[in-house]
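# Results of the structural survey
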Amino acid sequence: MTPRKDLLDIQSLTDEELEFILSNAVPFKNLFKRSVKKVPTLKGRTVLTLFYEPSTRTRSSFEIAASRLSADVTNFSVSTSSVVKGESVLDTVATLEAMRTDYVVVRHSMSGIPNLIAKHTNASVINAGDGFHAHPTQGLLDVFTLREVFGGDVRGARVAFIGDIQHSRVARSTNLLCRRMGMQTAMLAPGSLIPRELPQEIAVFQDWKELYAWKPDVIYLLRVQTERQNVPFFPSIGEYHRLFGLTDERLKWARDNGIWVMHPGPVNRGVELTDSVMEYERSLIDQQVENGIAVRMSVLYWLKPGSSTEDKP
Ligand code: CP
């Protein structure tokens, strides 16, 4: 396998790389059952998290993953840094480069910023979410979770994404990986929140009854990303919940049919889901979070800082 410096999206992963990451996450997850959860794999290496957007799961998951691999972890807090005094992303990166960081985990509201940073540093850059574009480690942890649920063979599994697909980098990355691994996917959302450029083979619904008839194995709920919407995409939150949310009545349908529920978090109760989903026995939400650490350990283990295969200016 050619050494790889950065993880920026799902498209650029080869089948071999994909399998390497997913299969190595298994022994990393097994570590979590031990009293000592640390291995010395990245001892002496430094991991920096650079988040220009809020995060609970991804950031803390990378921090835990890096510390379980014995790396030193630094949090770059954008809100208390010189970024607020007008320092550009590239000037910030030049400063970090001088500190000889090995890995930079970056989240930004603009699509493409992780790619730009990757071209200007020898550190390995991991995209932790950029605009609507990609969230590759979320995609990887989601398919890792689905492989656990379906006993390794996910081919033919039917996954329906429900909610704000238009603004979701999670839907883009996870859907791409699901299809690549032989799953069938569908989307359910108000017409205003469905991207226009979807491939034809993805089923698109605007009504739960159509989704029931499609017989999904998994429903993947997405948060309504009001922070990325400069105009209203539907009349009200109440109406959105009534028409598209996983209500108590629809949860009964899910339970009766043994349907798994996923969500990348953070959840908005009363919007995309009703409270009782959080106690549903086939909710995979906590399993997704736990798997996120194992998959991110595997990604850090796989990447090789300084082994640039990408073009540098
Ligand atoms: N899934 C996810 O990206 O969550 P955070 O925004 O909390 O990192």
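The shown structure was predicted, so the numbers you read here are calculated from the model rather than taken from an experiment.

### Notes on helix 2 (residues 57-68)
- For helix 2, spanning 12 residues, the distance from its first C-alpha to its last is 16 Å, which sits close to the expected 16 Å at 1.5 Å a residue.
- On its buried face, helix 2 sits against strand 1 (46-51), strand 2 (72-77), strand 3 (103-108), strand 4 (124-130), helix 5 (136-149) and helix 10 (285-302).

### Brief notes about the sheet that holds strand 8 (residues 218-221)
- Strand order in the open sheet formed by five strands is 7-6-5-8-9, with parallel pairing between adjacent strands. If you trace the sheet from one side to the other, it starts and ends with strand 7 (203-205) and strand 9 (260-262), each paired once. Mean inter-strand twist for the sheet, computed between neighbouring axes without regard to direction, equals 20°.
- In terms of strand pairing, strand 6 (residues 184-188) meets strand 7 through three bridges, oriented parallel. Bridging from a neighbouring strand, Leu188 pairs with Phe205 of strand 7.

### Describing the domain arrangement of the chain
- By domain assignment, the chain separates into domain 1 (15-134 + 290-311) and domain 2 (136-288).
- If you average the C-alpha positions of domain 1 and of domain 2, the two centres end up 26 Å apart.
- Each side of the interface is counted separately: domain 1 has 29 residues, and domain 2 has 26 residues.
- Buried area between domain 1 and domain 2, summed over both chains or domains, comes out near 2,100 Å², and the portion from carbon and sulfur atoms is 57%.
- Looking at the side of domain 1 facing domain 2, the largest losses of area belong to Leu22, Phe132 and Asn291, adding up to 30% of the total buried there.
- At the boundary of domain 1 and domain 2, one finds four salt bridges.
- Viewed at the interface, domain 2 and domain 1 are joined by 14 residue pairs in polar contact (both at pLDDT 80 or more).
- Per-element tally for the side of domain 1 that touches domain 2: the top contributor is helix 1 (residues 15-31), with nine residues.
- A breakdown of the residues in the side of domain 1 that touches domain 2 according to their chemical character gives 11 nonpolar, nine polar and nine charged.

### Side note on the sheet that holds strand 4
- One open sheet accounts for four strands, arranged 2-1-3-4; its pairing is parallel. Among the strands making up the open sheet, the edge pair consists of strand 2 and strand 4. Along the sheet, successive strands turn relative to each other by an average axial angle of 15°, direction set aside.
- Across five bridges, the pairing between strand 1 and strand 3 is parallel. Its bridge partner being in strand 3, Val47 is matched across the sheet by Tyr103.
- Packed on one face of the sheet, helix 3 (residues 89-98) meets strand 1, strand 2 and strand 3 and runs near 165° to strand 1.

### A few points about helix 8 (residues 237-244)
- Looking at helix 8, one finds that the buried residues are Tyr240, His241 and Phe244. One side of helix 8 holds all its buried residues, which, seen down the axis, span an arc of 105°.
- Tucked into the core, helix 8 has its buried residues touching strand 5 (158-162), strand 6, helix 7 (208-214) and helix 9 (248-256).

### Let's talk about the packing of helix 1 against helix 5
- In contact at an axis separation of 11 Å, helix 1 and helix 5 are set at 65° when each is read in the N-to-C sense. Considering their axes alone, helix 1 and helix 5 lie roughly perpendicular with respect to each other. Seen from above, helix 1 lies across helix 5 with right-handed handedness. Along its contact with helix 1, which presents Leu18, Glu19, Ile21, Leu22, Ser23, Ala25, Val26 and Lys29, the element helix 5 presents Leu140, Val143, Phe144, Arg147 and Glu148.
- Residues of the contact of helix 1 with helix 5, tallied by class, amount to eight nonpolar, one polar and four charged.

### Examining the packing of aromatic side chains
- Applying the stated criterion to the full structure yields eight aromatic pairs.
- Each ring, one from Phe20 and one from Tyr301, has its centre 5.9 Å from the other, and the planes form 15°; the classification is stacked. Of this pair, Phe20 sits in helix 1 while Tyr301 sits in helix 10, placing them 281 residues apart in sequence.
- Here Phe20 falls in the partly exposed class, since its relative accessible area comes to 24%.
- Among the residues examined, Tyr301 registers a relative accessible area of 31% and is labelled partly exposed.
- Members of the aromatic cluster, joined through ring pairs, are Phe20, Phe28 and Tyr301.
- Positioned over the ring face of Trp214 is Arg158, at 4.4 Å from the centre of the ring.
- Note that Lys304 overlies the ring of Tyr301, its terminal NZ or CZ placed 6.0 Å from the centroid.

### Points about the pattern of salt bridges
- Applying the stated rule across the entire model yields 12 salt bridges.
- Asp153 is the salt-bridge partner of Arg155, the closest N and O atoms lying 3.1 Å from each other.
- With a shortest N-O distance of 3.3 Å, Asp275 and Arg269 are connected by a salt bridge.

Procedures and definitions
- Residues numbered from 1 in each chain as written.
- Predicted model: local features only at pLDDT ≥ 70, side-chain atom pairs only at ≥ 80, totals over all residues.
- Heavy atoms only, no water.
- Helix = DSSP H or I, 4+ residues; strand = E, 2+ residues; numbered from the N terminus.
- Expected span 1.5 Å × (residues − 1).
- Contact = heavy atoms within 4.5 Å.
- Pairing = 2+ DSSP bridges.
- Axes fitted to C-alpha atoms, helices over the stretch in contact; angles between N-to-C directions.
- Domains from an automatic or database assignment.
- Buried area = accessible area lost by both parts, 1.4 Å probe.
- Salt bridge = Lys/Arg side-chain N within 4 Å of Asp/Glu carboxyl O.
- Polar contact = N/O pair within 3.5 Å; in protein donor to acceptor, adjacent residues only side chain to side chain.
- Nonpolar A, V, L, I, M, F, W, Y, C, P; charged D, E, K, R; others polar.
- Buried < 20%, exposed > 50% of the residue type's maximum accessible area, 1.4 Å probe, protein only.
- Arc of directions from axis to C-beta.
- Parallel < 35°, antiparallel > 145°, perpendicular 65-115°, else oblique.
- Left-handed = near helix turned anticlockwise from the far one by under 90°.
- Phe/Tyr/Trp six-rings, centres within 6.5 Å; stacked < 30°, edge-to-face > 60°.
- Lys NZ or Arg CZ within 6 Å of the ring centre and 35° of its normal.

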